[in-house]
Amino acid sequence: MRFAALLLLTVSLPLAAQPDVTSLARSVDARYNRLQSLSAEFTEIYRGQGMARTESGTMWLKRPGKMRWEYRQPREKLFVTDGKTAYFYLPEERQVRRAPVKKLDDLRSPLRYLLGQSRLLKEFPDLAPAPDLKPLEPANTVLRGAPEHMAGRVEQVWLEVAPDSRITRIVIEEVDGSTTEFRFRYLTENQLRDDARFRFTPPAGTEVIETEAFEP
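**Observations regarding the pairing of strand S2 (residues 51-62)**
Turning to step 1, where the next piece is worked out: Where strand S1 (residues 37-48) meets S2, twelve bridges bridge the pair, whose relative direction is antiparallel. Looking at the pairing, Ile45 lines up with Thr54 of S2.
Turning to step 2, where the next piece is worked out: The turn linking S1 back onto S2 is made up of two residues, and Gln49 within it adopts a positive phi angle of 55°.
Turning to step 3, where the next piece is worked out: Alignment of S2 against strand S3 (residues 66-73), held across seven bridges, turns out to be antiparallel. By the bridge assignment for S3, Met59 is matched with Trp69.
Turning to step 4, where the next piece is worked out: Counting the residues in the hairpin turn of S2 and S3 gives three residues, including Gly65, whose phi is positive at 75°.

Given below as structure tokens:
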């Protein structure tokens, strides 16, 4: 009798509410499309090809299509684009790689379109809840989808979204099984007034290499 009562109670409990993906995606779009600039502290975690690596630093985004990633730990390096040309600078090696943004194959590059051009449902037609990936914060929602513009390289992407529609984590799984995870903290909006941070001139004596892909 006790077992029957327990079974009845279990099956009568409501299922966990699933997020309204369309509404959530539109809320994220509305937040980022009104921004002119964004900065955040980031942690980048790479796993694949028999290695694991964690790096951290500060990221800046500015419309239209400008981006700067300053890595501080475990070593200094810089990824910056003015919207047309991207640079990846390694100070300790006195080397900079340069690529046209239109030809660039880099997992950071699509983030430059986050401001002013966010269209999550267009970019991820199969966007859906991802209950199998635990959010970093209990109140957040995790979504998963396959990005159309990176088909052939990226298998799927997870987006962790806070209640205020901020994206606090992005996990990218490539077709070879490797993953790159970006975690964002201390987001600051609309504080950049000029483009000086997105200009880059290779220091004297630095080797410049033309490329279309930056290694992780």
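**As for the packing of aromatic side chains**
Turning to step 1, where the next piece is worked out: Using the criterion set out here, one finds six aromatic pairs in the structure.
Turning to step 2, where the next piece is worked out: Between Phe42 and Tyr71, the ring centres sit 5.0 Å apart and the planes meet at 80°, which makes this aromatic pair edge-to-face. In this pair, Phe42 is assigned in strand S1 and Tyr71 in strand S3, connecting sequence segments 29 residues apart.
Turning to step 3, where the next piece is worked out: Overall, Tyr71 belongs to the buried group, its relative accessible area being 2%.
Turning to step 4, where the next piece is worked out: Ring geometry for Trp69 versus Phe182: centroids 5.3 Å apart, planes at 55°, classification tilted. Pair noted here: Trp69 is in strand S3 and Phe182 is in strand S11 (residues 179-189), with a separation of 113 residues, a long-range link. The exposure classification of Trp69 matches that of Phe182, with both residues buried.
Turning to step 5, where the next piece is worked out: Over the ring of Tyr71 we find Lys77; its NZ or CZ atom is 4.8 Å from the centre of that ring.
Turning to step 6, where the next piece is worked out: Directly above the ring of Trp60 sits Arg197, whose terminal nitrogen or CZ lies 4.3 Å from the centroid.

**Some thoughts on the pattern of salt bridges**
Turning to step 1, where the next piece is worked out: Under the criterion given, the structure shown has 18 salt bridges.
Turning to step 2, where the next piece is worked out: The salt bridge involving Arg53 is made with Glu55; its shortest N-O contact spans 3.2 Å. This pair shows no difference in class: Arg53 is buried, exactly as Glu55 is.
Turning to step 3, where the next piece is worked out: Close ionic contact of Arg144 with Asp132 constitutes a salt bridge, the shortest N to O distance being 2.9 Å. Linking Arg144 in strand S8 (residues 141-145) with Asp132 in the loop between strand S7 (128-129) and S8, this pair joins segments that are twelve residues apart in sequence.
Turning to step 4, where the next piece is worked out: Residues participating in the shared-partner salt-bridge network are Arg47, Glu160, Arg169, Glu181 and Arg183.

**A closer look at helix H2 (residues 21-33)**
Turning to step 1, where the next piece is worked out: For H2, with 13 residues, the first-to-last C-alpha span of 18 Å sits near the 18 Å given by 1.5 Å per residue.
Turning to step 2, where the next piece is worked out: Of the positions making up H2, those classed as buried are Val21, Leu24, Ala25, Val28, Asp29, Arg31 and Tyr32. On an axial view of H2, the arc spanned by its buried residues comes to 165°, and they lie on one face.
Turning to step 3, where the next piece is worked out: Measuring from the backbone nitrogen of Thr22 back to the side-chain oxygen at the start of H2 gives 3.3 Å, which picks out Asp20 as the cap.

Scoring rules and cut-offs
- Residues numbered from 1 in each chain as written.
- Predicted model: local features only at pLDDT ≥ 70, side-chain atom pairs only at ≥ 80, totals over all residues.
- Heavy atoms only, no water.
- Pairing = 2+ DSSP bridges.
- Helix = DSSP H or I, 4+ residues; strand = E, 2+ residues; numbered from the N terminus.
- Phe/Tyr/Trp six-rings, centres within 6.5 Å; stacked < 30°, edge-to-face > 60°.
- Buried < 20%, exposed > 50% of the residue type's maximum accessible area, 1.4 Å probe, protein only.
- Lys NZ or Arg CZ within 6 Å of the ring centre and 35° of its normal.
- Salt bridge = Lys/Arg side-chain N within 4 Å of Asp/Glu carboxyl O.
- Expected span 1.5 Å × (residues − 1).
- Arc of directions from axis to C-beta.
- Polar contact = N/O pair within 3.5 Å; in protein donor to acceptor, adjacent residues only side chain to side chain.

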